[in-house]
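Here are the chains, one letter per residue:
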Amino acid sequence: MRAVLVGPPGAGKGTQAQFIASHLAIPKISTGDIFRSNVTSGTMLGRRAKDYMDRGDLVPDQVTIAMVTSRLQEDDAQAGFLLDGFPRNVPQAETLKKMLSDWDTRLDIVLELVVDDDEVVRRLSGRRTCRRCGRVWHATFDPPSHRDRCDDCGGELFQRDDDREDTIRHRLDVYAQQTQPLIAFYADEGTLLGIDATGPVEEITDRALAALRRFIR
Ligand code: ADP
Ligand code: AMP
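All of these numbers come straight from a predicted model, not from anything done at the bench.

1. With respect to the overall build of the protein chain
Check the secondary structure of the protein chain and you find nine helices and eight strands. Radius of gyration (C-alpha) of the protein chain: 16 Å, near the 17 Å computed for a compact globule of 217 residues. Referenced to the eigenvectors of the C-alpha coordinate spread, the extents of the protein chain come out at roughly 45 × 40 × 35 Å. Here the protein chain holds 217 residues, and the buried ones make up 50% of them. In the protein chain, of all internal contacts separated by at least 6 residues, the share reaching a separation of at least 24 is 68%. Accessible surface computed for the protein chain: about 10900 Å², of which carbon and sulfur atoms make up 48%. Across the protein chain, the centroid of the 30 positively charged side chains sits 3 Å from that of the 35 negatively charged ones.

2. Here's the deal with empty space enclosed by the protein
By the definition in use, this model includes one cavity of 30 Å³ or more. For the largest cavity, the full set of lining residues is Leu5, Val6, Gly7, Pro8, Pro9, Lys13, Gly85, Phe86, Pro87, Arg88, Tyr175 and Thr179. Contributions of two or more residues to the lining of the largest cavity are made by strand E1 (2-6) and helix H7 (165-179). For the lining of the largest cavity, the per-class residue count stands at seven nonpolar, three polar and two charged.

3. Examining the layout of surface pockets
Empty space within the largest pocket amounts to approximately 1000 Å³. Along the wall of the largest pocket there are 50 residues; nearest its centre are Gly10, Gly14, Leu124, Arg127 and Arg160. Counting only elements with at least two residues in the lining of the largest pocket, the list comes to helix H1 (13-24), strand E2 (28-30), helix H2 (31-41), helix H6 (117-125), strand E5 (127-130), strand E6 (136-138), H7 and helix H9 (201-213). Ranked by residues supplied to the lining of the largest pocket, first place goes to H1 with six residues. Broken down by class, the residue content of the lining of the largest pocket amounts to 16 nonpolar, 18 polar and 16 charged. When contributions to the lining of the second largest pocket are tallied by element, the ones reaching two or more residues are H2, helix H3 (44-55) and E5. Residue contributions to the lining of the second largest pocket peak at five residues, all from H2. Residue composition of the lining of the second largest pocket, by class: five nonpolar, five polar and nine charged.

4. What to know about the pattern of salt bridges
Side chains bearing opposite charge may pair, as long as their charged atoms lie close to each other. On inspection of all chains with the given rule, the structure shows 21 salt bridges. Close ionic contact of Arg71 with Asp76 constitutes a salt bridge, the shortest N to O distance being 2.8 Å. A relative accessible area of 41% places Asp76 in the partly exposed class. A salt bridge links Glu119 to Arg122; its shortest N-O distance comes to 3.0 Å. Taken together, the positions of Glu119 and Arg122, both in helix H6 and three residues apart, correspond to about one turn of that helix. A relative accessible area of 45% places Arg122 in the partly exposed class. By sharing partners, the salt bridges in this structure join Arg127, Arg160, Asp162, Asp163 and Arg171 into a single network.

5. What about the site of ligand 2?
Residues in close proximity to ligand 2 total 16 residues, the closest being Thr31, Arg36, Asp57, Gly85 and Gln92. Contacts to ligand 2 include Arg36, whose side-chain N or O atom sits 2.9 Å from an oxygen atom. Val59 has a polar backbone atom sitting 3.0 Å from a nitrogen atom of ligand 2. Considered on its own, ligand 2 offers 480 Å² of accessible surface; in the complex 96% of this is hidden by protein. Placement of ligand 2 is best described as lying within the largest pocket.

6. As for the sheet that holds strand E4 (residues 109-114)
Read from one edge of the open sheet, five strands run E2-E3-E1-E4-E8, paired in parallel fashion. Looking at which strands have only one partner, the edges of the open sheet turn out to be E2 and strand E8 (192-196). Between one strand axis and the next, the sheet turns by 25° as a mean value, whatever way the strands run.

Parameters and conventions
- Residues numbered from 1 in each chain as written.
- Chains lettered and ligands numbered in written order.
- Predicted model: local features only at pLDDT ≥ 70, side-chain atom pairs only at ≥ 80, totals over all residues.
- Heavy atoms only, no water.
- Helix = DSSP H or I, 4+ residues; strand = E, 2+ residues; numbered from the N terminus.
- Rg over C-alpha atoms; globule rule 2.2 N^0.38 Å.
- Buried < 20%, exposed > 50% of the residue type's maximum accessible area, 1.4 Å probe, protein only.
- Contact = heavy atoms within 4.5 Å.
- Areas by Shrake-Rupley, 256 points an atom, 1.4 Å probe, with all protein chains shown as cover.
- Lys, Arg positive; Asp, Glu negative; His and termini not counted.
- Charge placed at Lys NZ, Arg CZ, Asp CG, Glu CD.
- 1 Å grid on protein atoms, 1.4 Å probe; cavity = no way out; pocket = protein on both sides within 12 Å on 5 of 7 lines; lining within 4 Å.
- Points joined across faces, edges and corners; volume = space filled by probe spheres on them.
- Nonpolar A, V, L, I, M, F, W, Y, C, P; charged D, E, K, R; others polar.
- Salt bridge = Lys/Arg side-chain N within 4 Å of Asp/Glu carboxyl O.
- Near = heavy atom within 4 Å.
- Polar contact = N/O pair within 3.5 Å; in protein donor to acceptor, adjacent residues only side chain to side chain.
- Sits in = over half its atoms within 2 Å of the grid points.
- Pairing = 2+ DSSP bridges.
- Axes fitted to C-alpha atoms, helices over the stretch in contact; angles between N-to-C directions.

This is the structure:
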């Protein structure tokens, strides 16, 4: 299964990707997670990405595409993958299509998580992420038992720098202008399927898995 999750920031892509990927035994490839871990460890890639991320802008395509190309060539991605946060504009989608076609394959499905802007702001303003394992929590909707600790691994939870209200608003604009056109792109390709991404996390996972399983080759 080669699949993409698309939806606005805060739609729940990372939350769902962790469950879906483990159910389907495919790697979850999150460009945001890869950038953040490079920023934390201070690599060249992290230094190139940081300012764009802090502003809520997209990291330039050249940098992002090189990173994804190399990640998709790793062994664990050969039998399938779930992309979270990539592609994020039409040029990235076109490059992905060409790359997969050069490897004699293609995307099976692009799953759109549909939520409205008010819900997105509520979700992002309470988002907490584990520094150690990357698990995503929410201060109100999915609280850990101890305020600043991850129940799964005991790691410290932090609030992302780009989850401040002004940056959230900018990221929603970036989504509307640059990422939303992907919906039409993938609808034309015949690979797009949208699901309602509101309600309890487990119900959305069930909906997502039911949709994805129809496309397993
Ligand atoms: P994305 O990867 O699309 O930016 P996340 O998966 O990080 O979004 O989710 C954003 C926030 O919303 C997190 O704090 C997460 O715990 C919370 N969240 C995810 N799904 C739901 C849901 N169905 N209901 C309420 N909160 C949710
Ligand atoms: P995310 O974790 O998906 O919300 O991404 C966090 C930030 O990483 C984004 O606001 C961008 O700055 C950057 N980023 C993640 N994925 C991409 C991508 N496909 N193209 C460009 N920038 C990206």
